[in-house]
Every structure is written in C-alpha cells, then in structure tokens.
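# Residue-level structure breakdown
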Amino acid sequence: MKISELLIDSMLSCTTMSCTNELTRLKAVYQFQSLDIAPDQALDDLTALAADLCQTSMALVSFIGADRLWVKSKVGITLTEIRRDLAFCNHTIRQSDVFVIPDTLADPHFATHSLVINAPNIRFYAGVPLVTAGGCVLGTLCVMDSELRHLNQKQRKGLQTLSHQAMAQFELKRNTTKLRQMIPEIKQLKQQLMTQELLGQQDSILFNLATQIRNSLDLDTILQTAVNEIHTLLQVDRCDFVWCLPNKDQFNFMVTHEATNPEICMALGELSLGHGSILAKTILELDMLRIENVSATSEALTPEDHSLLRQLGVSSVLLLPLRTHSGQLGAIICHHCRGSRQWTDSEVRLLKAVTDQVAIALDQAELLAQTQATAFAAQTQATYLGNALSQLQQTQMQLVQQEKMSSLGELVAGVAHEINNPVNFINGNIAYATDYVQDLLELLDLYQATCPNATTAIEEKMEAMDFDFLRQDLPSLLSSMRMGAERIRQIVLSLRNFSRLDEAEMKPVDIHEGIDNTLLILKSRLKLTSAKFEIQVIKAYENLPPVDCYAGQLNQVFMNLLGNAIDALDETPNPIITIETELISRQKSDSSHLSQLSYADSVVIRIRDNGSGMTETTQQKLFNPFFTTKPIGKGTGLGLSISYQIVVEKHGGILKCSSELGKGSEFWIQIPVEPLLKST
C-alpha cells in the first residue's frame, strides 16, 4: 500500500518525538509502509525464529493502520491483511509488555472470534509491539497456535528481543532508502565541490602570477612559475613556454621554460618549425590550437609538425599564443603523451588567463623581458649543445637562482642599487661643496680685510641674512648632510647584505647580522597591527662563531618565518616576537634529537611568537608545498616549503615547529657551523 507524497511530507518524525496519540502513530505507520518493503529474508528468518522459540505453528510480523492490519512476514499462515477490529494485534499495540492469551476459548473476549472458531483456529496467542526509537508503535510480532501453549520467562524475553531486531530491520530499510534517494544529490554536491576546488586552484595560480608581477621584474621567475603551476593543476605531461624571436625575414621558436614529468623527454631549446608549419602559423596569427589526438586529427599539420610531435612523443596538444604591446610573440603549449585527451573549456579559460598575466608582465618590463628572453634562449641552446657537465652546472645555476627569487632578495637588491647611485653622488659632492664653501668664506674674509668699510646696502643685507650665524652654521650644516648621506649608505649596505645576491657559494657569515638585516626590512610591518598594538621584538643572542652557509638563502628563511610570525600576531594584544640564538657543541648534542648533527657543532635559532597557535593537524601539513592557512589571495603556501628545503637539503640542518592552540608557535632552525652535506 502506498500513500500520497503530500501526506508523507506532512508526517512527523518519530525518531525525534514521543508518540502521544493515534494520529502520530498512524503517521509513523504510513511512513514505514510507504517504503513498499519487498520480501526480506532477514525478516522472514526472525519470524521463523520466533515460531521456533515459542514452539508454535504460526508467527507473523505486521503493521497496523487505521482500519487494517498488513502482514509483512509470516510463518504457517496465509493471511496478508486483516480488518483491524478482527485482529488480535489491535490489543497488543496497547500493551508495553508481551500480550498473551493462553486459551482463547476460555477468554470471553475471544471465544467467539472468527479466527478462533474458523481457520486458522487460533487457540493460543502471544504478541509484542514493534516500537520505533521515538516511541511510536508500528505493529506487532506475534506467535499463534491451534493448540494450548505456555510461554516461560526466557521465551517472553526472547520474543521481545526478536521484536527489537525486527524493528531494526525496518529502520535499516528506511535509512537505506533515504540514502539511495540522497545519492544523486551527493554526486551533484561532489561535482560542485570539485568545480569549486578547481576554481580555487585556478584563482591561486592567477594570484601567484599577479604577485610575481607586482614584486619582481624578473620574467624568468614569472614564466617558470606559470609552466610549473599549469603542469601541476592540469596534470599534463609537459608544459612549455615558447618565445617567437625574429631573425631577419623569418622567426625562430625557442622553448625557454618547461615543466615535465620525469619519464618524459625534455623539449628545451629551438623548435624545428619549417615553412608553412601549422604550429608556427598558429602562434604568428594569434590563434588557438586544440588537438585531442595528433594521429587522428583533421588539422592540416605539415610533415614537419608530425615529425616534431612524434619526436617529442606528443599525442595531444593545447596551444595558446600571446602578444605584447610591442609586438613580441610567445605561446604556452600543453602536451599530453599518453593517448588522446579532450581539452575542456575550463582548461582553455585557465590558459587564456595565464597568458594574459604573462603578457602584462612583458608589457611592464618590456626591455628587461626582451633581454632576458634572448639571453636565456641563447643560454639554453648552448647548454643543450654542451656536454653533460655543462648541463649539470646550468641546472644547478637555475635551481640556485630560482630559490633566491623565492624571497624578496631580488627586489631588495634592486632597490638598494637604485638608492645607492644617488647617495654616492650626494656623498661624493658634499666634500667638494665643503671645499667650495670654505674657499668662498676665505674670499669673504679677504674682502672684509681689504675693504673694511662696507656700504650701507651691504651692511643691511648682512644684517638681514644674519651673516655671522650663517658663516658659523654653514660648515655644521654641511657636516650634518655628510652624516645623513653616510647613514643612508649604511642602510643600503644592510639591504645589500640581506639580499647577498653576489654570494652563490657558502661563506662564513654572521647569523646575527642576517637576522638584524631582515628585521630592518620588516620594520614597517612591526609598528602597528590591525589591533593597534606595536609588535615587541626581544632578542636573546649568544656569542656565535661565523657559520658557513648560503647567506642569501638563509636570510630568505628568516624573512619567511618572521613574516609568518607577524601575520600570526595581527589580532593578538601585546604581541611579542622572541628571537634566541645558541651554540650547541658536540659534547652537548643529543643524538636522538639531532640525528646527523650529533657529531658537529651547530647553531640554533628559535623564533617564537605569542599568537593563537596551531592545531596538530595543521602542524603535520605545515611544510607541504602549497599548503597555507591564510585566506585565498593572502598566501601561496610556498614559503615554509622553500625554507625547509634551504635548511634541511641545502645546509643539512633541522627545521621544525612546535605549537599549541592559544599559546603561540616556535620555529627551531639548527644548522652546522661547518657544512656536513654538499649541495647538489
């Protein structure tokens, strides 16, 4: 029996409220009855077990509606439904315990009952209500026999247990039905979440590129970031950036930046695109090329195109060109090498957005972009024409440069250089100005000695300009200017020491100087947080020997950790950052704690804040690439990952974090005084 959807929707949930009247009970009955429960072997087994337990020939499980009883499972009886006023179970549902009629012929209420005097000639009856978790009675589990029977206490308890099991079967059926109805909605929600995640990743890529454009004019970093991000997000086998370089009356196409799977051959270097090549034509005419299957494409690829793609193992191609305002051409090309691939519209939109960002970078640094592109293309071509040693050296240089540019070192060095030129000009000219002023003052003295009687106009002018004070103060003024210029020169020197772009090799450096230079760079961020508190920096330095390290990279680690600490204190009252340094000698080393550093002197730098702290789950993911707790647009998730590589892989040290919610965080940096591991 089924009831209308409108009635089902209006029923009260029996699992959340007690059944206090017949209307609520009937709503629960119809709710379970609407499941249209098919024959259930488990339910039939329970019914048979009830008959066997009570040693009766008949047993059934039933629902009781407004005017009828529906048999859901039965043993030894053929009835499928009974009028409610004739059903023994109508009395059972009013009981809280097992309802037993030992002898129906001896009971005046049932002696003349049609089911007693006629088939199935019920002489003995025992039933127990089927009650939901909310207290609503759906029906009964009952046993019957045509002979007199007696239920002992064990049989009564067993009958109640079986009623609970029968009710559990109905609840399971209802929950299974609900779950089955929810599957399409769950699938739709999953698809929406996957779409939102993809959009979020795409937004992260575009933000990362936009940040690179704002913070640096280095196209190498921008383009390499673009191909790396696209390779990771779209799961392509190879992602290349190609420059179209004019050469007299033709063009050369050079792959200068690439991200590829380890098992895929590299395409760096010049591409052999002959006359009439579709790939070349697509770039020159600023068209899009989307080929799902190279071997089965209808595109008019030239034999040279087929040969090149076959040589590179390419089976599917997606190409989007770009053009700057100056007319410079390039392209981003995605290669799939494992069969055909259908490029989706969302992937095309992502590549279009990336090419737009790259074009903006080219427009902002046109001259620098042209110079670096030409130099990098020539360098790439020369590298791949050289021997294995030159390839290794070039790769190492690229890795060093890429790690350096992960921080603000390039920008700081550029600013320091630009400031240094005018400061040197001022500083150099002050000495000449001092000499000139001294000569002029001596000349005035000579004039006064030679012509002691000044005219009235001269005396009035000298009085108006306070000549005596001017003569006395002018040397002091020049001296103050010299001191100011020297102060600026010292600041510029600190900035250059921070970036240390001229130090690509390990050198003994003062760790404290690197920390102080980093604090100088971050000075403006230490003044006031959004909660209007000034961040207090407490330094507890021990005497440390010079440490052999990559100074610029280590300064990048300090910048990342101190920058994160400042961000963590944004809403903290009375914010404090504590920086402690310590020298650990080999005698004090704990091998279980320091691992490979246990046989060498090492320095420890601890950077601690009193912010809100982190959960254990966050700490476990802290050094994973692209993991960030900051909102979208506020962080890339690369700072701590790069810092870990610098400390652990480059310096053979230790970088770890200890944190507790509400008690702040502490980062522990430990590196050997003398290098134990050689950089690869």
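Residues numbered from 1 in each chain as written. Predicted model: local features only at pLDDT ≥ 70, side-chain atom pairs only at ≥ 80, totals over all residues. Heavy atoms only, no water.

## Describing the overall build of the protein chain
Across its full length, the protein chain carries 20 helices and 19 strands. Scored against the burial criterion, the 680 residues of the protein chain give a buried share of 44%. In the protein chain, the share of contacts with a sequence separation of at least 24, taken over all contacts with a separation of at least 6, comes to 66%. (Helix = DSSP H or I, 4+ residues; strand = E, 2+ residues; numbered from the N terminus. Buried < 20%, exposed > 50% of the residue type's maximum accessible area, 1.4 Å probe, protein only. Contact = heavy atoms within 4.5 Å.)

## Examining helix α16 (residues 511–521)
Within α16, burial applies to Ile511, His512, Gly514, Ile515, Asn517, Thr518 and Leu519. Taking the backbone nitrogen of histidine 512 as reference, a side-chain oxygen 3.0 Å away marks aspartate 510 as the first, capping residue of α16. (Polar contact = N/O pair within 3.5 Å; in protein donor to acceptor, adjacent residues only side chain to side chain.)

## Let's talk about the pairing of strand β2 (residues 68–75)
As paired elements, strand β1 (residues 58–64) and β2 share six bridges and run antiparallel to each other. Pairing of phenylalanine 63 across the sheet is with tryptophan 70, part of β2. Linking two consecutive strands that pair antiparallel, namely β1 and β2, is a turn of three residues. Of the pairings in the sheet, the one linking β2 to strand β3 (residues 81–83) comprises three bridges and is antiparallel in character. Across the sheet, the residue bridging to tryptophan 70 is glutamate 81, located in β3. Here β2 folds back onto β3 in antiparallel fashion, the turn holding five residues, of which glycine 76 has a positive phi close to 75°. (Pairing = 2+ DSSP bridges.)

## A look at the packing of aromatic side chains
This structure, assessed with the given rule, holds six aromatic pairs. A centroid spacing of 5.1 Å and a plane angle of 80° characterise the contact between phenylalanine 241 and tryptophan 243, whose relative ring orientation is edge-to-face. Residue class for phenylalanine 241 comes out buried when judged on its relative accessible area of 1%. Relative to tyrosine 644, the ring of phenylalanine 623 has its centre 5.3 Å away and its plane inclined at 40°; by these criteria the two rings are tilted. Taken as a pair, phenylalanine 623 in the loop between α19 (616–620) and α20 (639–650) and tyrosine 644 in helix α20 lie far apart in primary sequence, 21 residues in all. Under the relative-accessibility criterion, tyrosine 644 is labelled partly exposed at 32%. Here the aromatic residues Phe88, Phe99, Phe110 and Tyr125 are joined through ring pairs into a cluster of three or more. Across the ring face of tyrosine 550, the terminal group of lysine 650 is positioned such that the distance to the ring centre comes to 5.7 Å. Looking at lysine 656, its charged tip hangs above the ring of tryptophan 668, at a distance of 4.9 Å from the centre. (Phe/Tyr/Trp six-rings, centres within 6.5 Å; stacked < 30°, edge-to-face > 60°. Lys NZ or Arg CZ within 6 Å of the ring centre and 35° of its normal.)

## Focus: the sheet that holds strand β11 (residues 316–323)
Spatially, β9-β8-β7-β12-β11-β10 is the arrangement adopted by the six strands of the open sheet, whose pairing is antiparallel. In the strand order of this sheet, the two ends are held by β9 (269–271) and β10 (289–291), each with one partner. Averaged over all pairs of adjacent strands, the angle between strand axes in this sheet comes to 25°, irrespective of strand direction. Pairing between strand β7 (residues 238–247) and strand β8 (residues 250–260): ten bridges, direction antiparallel. If you follow cysteine 244 over to β8, its bridge partner there is phenylalanine 253. The strands that helix α10 (residues 345–364) touches are β7, β10, β11 and β12 (329–336); relative to β11, the one it contacts most, it runs at about 30°. (Axes fitted to C-alpha atoms, helices over the stretch in contact; angles between N-to-C directions.)

## A word on the confidence of the model for the protein chain
On average, residues of the protein chain score 79 in pLDDT, and 80% of them reach the 70 mark or higher. Throughout residues 1–18 the model reports pLDDT below 50, and contacts reaching past four residues in sequence, or to other chains, amount to 30 contacts. In this model residues 589–596 is a low-confidence stretch, pLDDT under 50, and it forms 17 contacts with partners more than four residues away in sequence or in other chains. (pLDDT = per-residue confidence, 0-100.)

## A closer look at the side chain of threonine 47
Inspection of the secondary structure puts threonine 47 in helix α3 (residues 41–54). A polar side-chain atom of threonine 47 sits 3.0 Å from the main-chain carbonyl oxygen of leucine 43. Beyond its immediate chain neighbours, meaning those up to four positions away, threonine 47 contacts Ala59, Leu60, Val61, Ser73, Lys74 and Val75.

## Considerations on the nonpolar core
Nonpolar side chains in soluble globular proteins generally cluster together in the buried interior. Of all hydrophobic cores here, the largest spans 38 residues; its most connected members are Ile511, Leu561, Ile577, Ile605, Phe667 and Ile669. Elements that contribute at least two residues to this core include exactly α16, β15 (547–549), α17 (551–568), β16 (576–584), β17 (602–609), α20, β18 (654–659) and β19 (665–672). Counting residues per element, this core draws most heavily on α17, which supplies nine residues. By size, the runner-up hydrophobic cluster in this structure holds 29 residues, among which are Tyr30, Ala50, Phe63 and Met167. (Core = buried A, V, L, I, M, F, W, Y, C linked by side-chain atoms within 4.5 Å.)

## Overview of the sheet that holds strand β5 (residues 124–131)
The strand order across the open sheet formed by six strands is β3-β2-β1-β6-β5-β4, and the pairing between neighbours is antiparallel. The sheet is open, and its two borders are formed by β3 and β4 (99–101), each paired with just one other strand. The mean inter-strand angle of the sheet, taken between neighbouring strand axes irrespective of direction, is 25°. On top of the sheet, α3 reaches β1, β2 and β6 (137–145); it is set at about 80° to β2, its chief contact.

## Description of the pattern of salt bridges
Applying the stated criterion across every chain yields a total of 19 salt bridges. Residues glutamate 22 and arginine 84 are paired through a salt bridge, measuring 2.9 Å at the closest nitrogen-oxygen approach. Of this pair, glutamate 22 sits in helix α2 (residues 22–33) while arginine 84 sits in the loop between β3 and α4 (89–92), and the two are 62 residues apart along the sequence. Between arginine 606 and glutamate 582 there is a salt bridge, with its nearest N and O atoms 3.3 Å apart. With arginine 606 in strand β17 and glutamate 582 in strand β16, this residue pair connects regions lying 24 residues apart in the sequence. (Salt bridge = Lys/Arg side-chain N within 4 Å of Asp/Glu carboxyl O.)

## Focus: unusual backbone geometry
Here the bond from alanine 119 into proline 120 is cis, since omega is 15°, no more than 30 degrees from zero. Along the chain, proline 120 falls in the loop between α5 (114–117) and β5. Phi is positive for asparagine 121, which is not a glycine, with a value near 55°. Following the sequence through the fold, asparagine 121 ends up in the loop between α5 and β5.

## Remarks on the environment of valine 358
Residue placement: valine 358 occurs in helix α10. Classification of valine 358 as buried rests on a relative accessible area of 1%. For valine 358, the residues in contact, after removing those within four places along its chain, are Leu223, Ala226, Phe241 and Leu322.

## Concerning the packing of α17 against α20
Close contact between α17 and α20 brings their axes to 9 Å; oriented N to C, the two are set at 140°. One element, α17, and the other, α20, form an angle in the oblique class. Viewed along their axes, α17 and α20 form a crossing whose handedness is left-handed. Between α17 and α20, the contacting residues are Gln553, Leu554, Gln556, Val557, Asn560, Leu561 and Asn564 on the first element and Gly639, Leu640, Ile642, Ser643, Ile646, Val647 and Lys650 on the second. Tallied by class, the residues present in the contact of α17 with α20 amount to seven nonpolar, six polar and one charged. (Parallel < 35°, antiparallel > 145°, perpendicular 65-115°, else oblique. Left-handed = near helix turned anticlockwise from the far one by under 90°. Nonpolar A, V, L, I, M, F, W, Y, C, P; charged D, E, K, R; others polar.)

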